[in-house]
Each structure stands twice: as structure tokens, then as C-alpha cells.
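# Coordinate inspection notes
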Amino acid sequence: MPHKYVKFKAEVVTGQCPTCGQNAVLVSLASDHFRCTTCGSDLKQHINGKISYLPVMVSPDKIELS
Ligand SMILES: [Zn+2]
């Protein structure tokens, strides 16, 4: 049996968001990429002993200015 209830197709986890500091619900966009539903930040999951979430740095070069 799954160890947790998953409502959506995307994986939903809770963790402390480093951007807003809340214990937030994080929705997986990819295997190691989550989005905070509280502040909307994209986070990358890092696993080294413990799981932590780091903000995804978006290069200004990749932001399309229209
Ligand atoms: Zn957040």
C-alpha cells in the first residue's frame, strides 16, 4: 500500500520552503523539482543524508522580456 495519500497525479509533499519559510505543501513538477504552493517558488530537492529544498535559481538570460 502507498504510504501516503496522493490526491493528484503529481506528487505532493510537505516541507519547509526556504523562500517563504513556511511549512508548505510542495508539488512535484519533476523527480527533483518542486513548487511551493504557498509562495510559488520553484525548488530543487537535494538529498544528501537529509532532504532539503533549495530555491531554483533562474538565470536572467532565460527570462523572456516581451
Ligand atoms: Zn514558499
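Only a predicted model underlies this, so the values are computations on that prediction, with no experimental measurement involved.

Calculation notes
- Residues numbered from 1 in each chain as written.
- Predicted model: local features only at pLDDT ≥ 70, side-chain atom pairs only at ≥ 80, totals over all residues.
- Helix = DSSP H or I, 4+ residues; strand = E, 2+ residues; numbered from the N terminus.
- Buried ≥ 20, exposed ≤ 12 C-beta atoms within 10 Å, placed from the backbone.
- Contact = placed C-beta atoms within 7 Å.

### Examining the overall build of the protein
In terms of regular secondary structure, the protein is built from zero helices and five strands. Shown N-terminal to C-terminal, the secondary structure of the protein runs as helices and strands in the order β-β-β-β-β. For the protein, the residues scored as buried account for 11% of the 66 residues in total. Look at the contacts in the protein between residues 6 or more apart in sequence, and 13% of them connect residues 24 or more apart.

### Let's talk about the environment of Cys17
Within the fold, Cys17 resides in the loop between strand E1 (12–16) and strand E2 (23–30). Given 23 C-beta atoms within a 10 Å radius, Cys17 is considered buried. Along the chain, Cys17 and Leu43 lie 26 residues apart, while their C-alpha atoms are 8.1 Å from each other. Those residues in contact with Cys17 that lie beyond four places of it in its chain are Gln22, Ala24, Cys36, Thr38, Cys39, Ser41, Leu43 and Tyr53.

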